[in-house]
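# Observations on the three-dimensional arrangement
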Amino acid sequence: MNIRTQLDTIITQALANAGADNAPAVVKTSARPEFGDYQANGIMGAAKKLKMNPRELATKVVADLELNNEITELVESFEIAGPGFINIHLKNTWLAERIEQTLKSDNLAIAKTNKPETVVIDYSAPNLAKEMHVGHLRSTIIGDSISRVLELLGHKVIRQNHVGDWGTQFGMLLTYMSELKQESSELNSELEVQLADLEKFYQAAKIRFDEDETFAAQARENVVKLQAGDVEFLKLWQQFIDTSLNHCDEIYQILNVKLTRDDVAPESQYNDDLANVIIDLDKTGLLSENQGAQCVFLDEFKGKEDSIIPMIVQKSDGGYLYATTDLAALRYRHNQLGMTRGLYLVDARQSLHLKQVYVVGKKAGFVPESTSLEHMAFGTMMGKDGTPFKTRSGGTVKLIDLLNEAKLRAFDLVTSKNPDLDEESRRSIANTVGIGAVKYADLSKNRTSDYIFNWDTMLSFEGNTAPYLQYAYARIQSIFRKAGDINNNAEISLLEPAERLLATKLLQFSEAVEIVAKDGTPNFLCNYLFELSGNFMSFYEACPIMKADEVTKQSRLKLAKLTANTLKTGLDLLGIDVMERM
RNA sequence: GCGCUGGUAGCUCAGAUGGAUAGAGUACCUGGCUACGAACCAGGGGGUCGGGGGUUCGAUUCCUCCCCAGCGCGCCA
């Protein structure tokens, strides 16, 4: 159990003992160092309910706490301050002992959850018709980070990459493909060249579609053929999908994202189940026909003048929609995957759509009421001027281009800092730094609204960035290269303020991790790691290690060691690597 | 029109369940490398938290009304 929860539990009990039932202690880390390490803010609220003087209540609570061994073991002193805060100062000896235990434990003393869930996490989900662009970054890396955190806490995590591999646009692409195939007799070479850049391929096909009537007609015809299961077109389609997935895999590998082919659960997978979804919806009585389309009307979704916004699940021409597929996927995830919690890392613009899917899914009994379905939304990417982000030519920026640029800029920097390193090392360091910086720039924000894309912020290597955290780690490794190993029997002492600050921060790692697991907000972990690194940097300046006497040196080495372990584990949860030197 | 997000320092952003003097980074200014690595550290200036009302001991946080921005709202995904 983390310190905050531990204190909160005991003080909430003490409040109950003092007569305030159901009054949370509201323990937080202190706003300012002179207020101690933690503070309980709940006394004032509780006193109000009891119509008591808050300071009087605080006095009673503190008296109770001082008799409780469970808490006096870790607390040096309580003090009542202001209108009725209880400030809590932790014991140095207890902190030191806790550091020792954490250092010895596996997994930095992070406790596994006592109620493991089967979490299905839907993330990345690119459209395979095109190449991944910068807009796919958020879903991909936030989803990946959350899934790592949940796994660390002992949940069963099932990744689902719900890629878009079906729909009318494939008619256009396949028609263009077969055209190219006919033109170049020699081993599909022209086709392969063109498929290497899906973005250009798509644009070229689009031009043909827009300019040539016969081509367009052919394309529409071919969609029907594909959907009817035409063997030739299925083969062509498969080739296209494979190529596109290879592009994705390449990106995932560069990004150090854990998604594999096994996690791909494409839209087309649900094709055969769509008719059943309609039939089963009909059985529940939720379905009604309107202007030839099959719809679900629910009171939950009112539009203008109290008219209800329908969720259309089947078009008047018999075709199915995104909503139908999502319902099928929802049911699959419950029935086949055993989902108890579902996380959707999807653009905020789809929030109404997803809300409808969740409500209809539950009403129809596709998933039980108890299943927690959470849309972890994020906003549109905007340019500097606050309008939707576009390149000069009007397209989006390819994700691969951003990543390559990151590696390039990092390489220049590494070269200027370490001109003597061999090129291979510099390349490897540059990749770790560059990709880390891009990921951190995105992961450290918690914007559910739109956010601004900026090359320079995204590719900055100074200040609150991944390289800052990686640098702290590299510095520690450098110390250990010179200092050798730690004497395990050495005692930890926390005499300097910088030592104490670092130690306290080190013990708060699990608090950050648990927030990420609950709310899906990796930015809390980023923030924690940045503060930890900051505390370490200050400690590093204020408390020399190599020059200290042997006892102090060993104590400080242990703090450094745990800092390195925490940074490595924490960054790994973000999908960011560390390195021995940089 | 209805609805969902958001508006915090020049810029980019943090601020979980209402708490004490609202924080980082960047940019700007002052210092610090003969040093366990300057991708760093110590310090400075910079704010009516979009605006008005309300709830209360206390509001950036909750309620309400405006203003601004982005997005969504029956056969796209």
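Remember, predicted model here, so these are calculated numbers, not experimental data.

### Remarks on the overall build of chain A
The helix and strand tally for chain A stands at 22 helices and 13 strands. Principal axes of the C-alpha set define a box for chain A whose edges measure 85 × 70 × 45 Å. Out of the 582 residues in chain A, the part that is buried amounts to 51%. Nonlocal contacts in chain A, meaning residues at least 24 apart in sequence, comprise 73% of its contacts between residues at least 6 apart.

### Digging into the packing of aromatic side chains
On inspection of all chains with the given rule, the structure shows 11 aromatic pairs. Ring geometry for Y468 and F530: centres 5.2 Å apart, planes at 50°, overall tilted. Placement of the pair is Y468 in helix α18 (residues 466–483) and F530 in helix α21 (residues 522–542), with a sequence separation of 62 residues. Overall, Y468 belongs to the partly exposed group, its relative accessible area being 22%. Take F530: its relative accessible area is 24%, and that puts it in the partly exposed class. Taking 5.8 Å as the distance between ring centres and 45° as the angle between the ring planes, the aromatic pair formed by F536 and Y540 counts as tilted. Of this pair, F536 and Y540 are both found in helix α21, four residues apart, which corresponds to roughly one turn of the helix.

### Description of unusual backbone geometry
The phi torsion at A109 lies on the positive side, around 60°, for a residue other than glycine. You can see A109 is positioned in the loop between α5 (92–104) and β5 (118–122). One non-glycine residue, S124, lies in the positive phi region at around 75°. Tracing the chain through its elements places S124 in the loop between β5 and α6 (137–152).

### Overview of the pattern of salt bridges
Evaluated as defined, the whole model comprises 29 salt bridges. The partner of E131 in a salt bridge is K398, and the shortest N-O contact between them spans 3.8 Å. Of this pair, E131 sits in the loop between β5 and α6 while K398 sits in the loop between β12 (381–382) and α15 (399–417), placing them 267 residues apart in sequence. Of the two residues, E131 and K398, neither departs from the other in class, the shared state being buried. The closest approach of N and O atoms between R409 and D456, which form a salt bridge, is 3.1 Å. Taken as a pair, R409 in helix α15 and D456 in helix α17 (residues 455–458) lie far apart in primary sequence, 47 residues in all.

### Brief notes about α18
Between the first and last C-alpha of α18 there are 26 Å, a value that for 18 residues agrees with the 26 Å anticipated at 1.5 Å per step. By the criterion of burial, α18 is predominantly enclosed, with 13 of the 18 residues buried. Following α18 by one or two positions, G484 adopts a phi angle in the positive range, close to 75°.

### So, the protein's contact with RNA strand B
For RNA strand B, the set of nearby residues contains 69 residues, the closest of which are K315, R349, Y471, R475 and Y540. Atoms of RNA strand B within 4 Å of the protein belong to the sugar or the phosphate in 59% of instances, the rest to bases. The separation between a base nitrogen of RNA strand B and a polar side-chain atom of Q39 is 3.4 Å. With respect to RNA strand B, the side chain of E267 contributes an N or O atom lying 2.5 Å from a sugar or linking oxygen. Within the residue set of the surface near RNA strand B, elements represented by two or more residues are β1 (27–29), α2 (42–50), β4 (85–90), α14 (351–363), α15, β13 (451–452), α18 and α21. With eight residues, the single largest contributor to the surface near RNA strand B is α18. Per-class residue counts for the surface near RNA strand B are 34 nonpolar, 17 polar and 18 charged.

### Considering the sheet that holds strand β7 (residues 287–290)
The strands making up a sheet are joined through hydrogen bonds of the backbone, oriented either antiparallel or parallel. Spatially, three strands are ordered β7-β8-β9 in an open sheet, and the strand pairing comes out antiparallel. The sheet terminates laterally at β7 and β9 (311–314), the two strands that pair on one side only. Direction aside, the axes of adjacent strands within the sheet are offset by 45° on average. Pairing geometry for β7 and strand β8 (residues 293–296), over four bridges, is antiparallel. Within the sheet, the bridge partner assigned to N290 lies in β8 and is A293.

### With respect to the sheet that holds β5
Pairing within the open sheet is parallel, and its four strands lie in the order β6-β5-β10-β11. In this open sheet, the two strands that pair with only one neighbour each are β6 (156–160) and β11 (372–375). The average undirected angle you get between the axes of adjacent strands in this sheet is 15°. Alignment of β5 against β6, held across five bridges, turns out to be parallel. Across the sheet, D122 pairs through a bridge with Q160, a residue of β6. Taken strand by strand, α6 contacts β5, β6 and β10 (341–344), and its axis lies near 160° from that of β6.

### Focus: the domain arrangement of chain A
Taken as a whole, chain A is organised into domain 1 (3–90), domain 2 (168–263) and domain 3 (439–573). When each unit is reduced to the centre of its C-alpha atoms, the spacing between domain 1 and domain 3 is 29 Å. When the buried area of domain 1 at its contact with domain 3 is split by residue, I3, D37 and Y38 rank highest and sum to 58% of it. Inspection of the region where domain 1 meets domain 3 yields one salt bridge. Here D37 makes a salt bridge to R500, at a shortest N to O gap of 3.0 Å. If you look at where domain 1 meets domain 3, you find five residue pairs in polar contact (both at pLDDT 80 or more).

### Some thoughts on the packing of helix α7 (residues 169–183) against helix α10 (residues 213–227)
At a closest axis distance of 8 Å, the pairing of α7 and α10 adopts a crossing angle of 110°. Taken together, the axes of α7 and α10 lie roughly perpendicular to each other. On α10, the residues that touch F170, G171, M172, L174, T175, Y176 and E179 of α7 are F215, Q218, A219, N222, V223 and L226. Grouping the constituent residues of the contact of α7 with α10 by class yields eight nonpolar, four polar and one charged.

### Here's the deal with helix α1 (residues 3–17)
Between the first and last C-alpha of α1 there are 21 Å, a value that for 15 residues agrees with the 21 Å anticipated at 1.5 Å per step. The backbone nitrogen of R4 lies 3.2 Å from a side-chain oxygen of the residue at the head of α1, namely N2. Looking one or two residues past α1, G19 carries a phi angle of roughly 105°, positive in sign.

How each quantity is defined
- The residue numbers shown here count from 1 along each chain, following its written sequence.
- Throughout, the order in which chains and ligands are written sets their labels, letters from A for the former and numbers from 1 for the latter.
- This being a predicted model, a pLDDT of at least 70 is required before a residue's local features are given, and a value of 80 or more before pairs of side-chain atoms are given or counted; all residues contribute to the totals for chains, interfaces and linings.
- Calculation of side-chain values draws on the structure's entire complement of heavy atoms; hydrogens and water are dropped beforehand.
- Secondary structure is summarised from DSSP: a helix means a run of H or I of at least four residues, a strand means a run of E of at least two, and numbering begins at the N terminus for each.
- Partly exposed describes any residue whose relative accessible area lies between the buried limit of under 20% and the exposed limit of over 50%, with all areas from a 1.4 Å probe on protein chains only and scaled to the type maximum.
- Should any heavy atoms of two residues lie within 4.5 Å, those residues are counted as being in contact.
- Pairing of aromatic rings covers Phe, Tyr and Trp, the last counted by its six-membered ring, and requires centre-to-centre distances within 6.5 Å; plane angles under 30 degrees mean stacked, over 60 mean edge-to-face, and any other angle means tilted.
- Any carboxyl oxygen of Asp or Glu that lies within 4 Å of a side-chain nitrogen of Lys or Arg is treated as forming a salt bridge with it.
- Multiply 1.5 Å by the residue count of a helix minus one, and that product is the helix's expected span.
- A molecule or strand has a residue near it when one of that residue's heavy atoms lies within 4 Å.
- Polar contacts here mean pairs of N or O atoms no more than 3.5 Å apart (in protein, one a potential hydrogen donor and the other a potential acceptor; neighbouring residues in sequence count only if both atoms are side-chain atoms).
- The residue classification treats Ala, Val, Leu, Ile, Met, Phe, Trp, Tyr, Cys and Pro as nonpolar and Asp, Glu, Lys and Arg as charged. All others, Gly included, are polar.
- Here the rule is simple: two strands pair whenever DSSP picks up at least two bridges between them.
- What counts as an axis is a line fitted to C-alpha atoms, over the stretch in contact for a helix, and the angles between N-to-C directions run from 0 to 180 degrees.
- Domain start and end points were adopted from an automatic or database domain assignment.
- Simply put, the buried area is the total loss of 1.4 Å probe accessible area from both parts when two parts are fitted together.
- Just so you know how the angles are binned, under 35 degrees is roughly parallel, over 145 roughly antiparallel, 65 to 115 roughly perpendicular, and the rest oblique.

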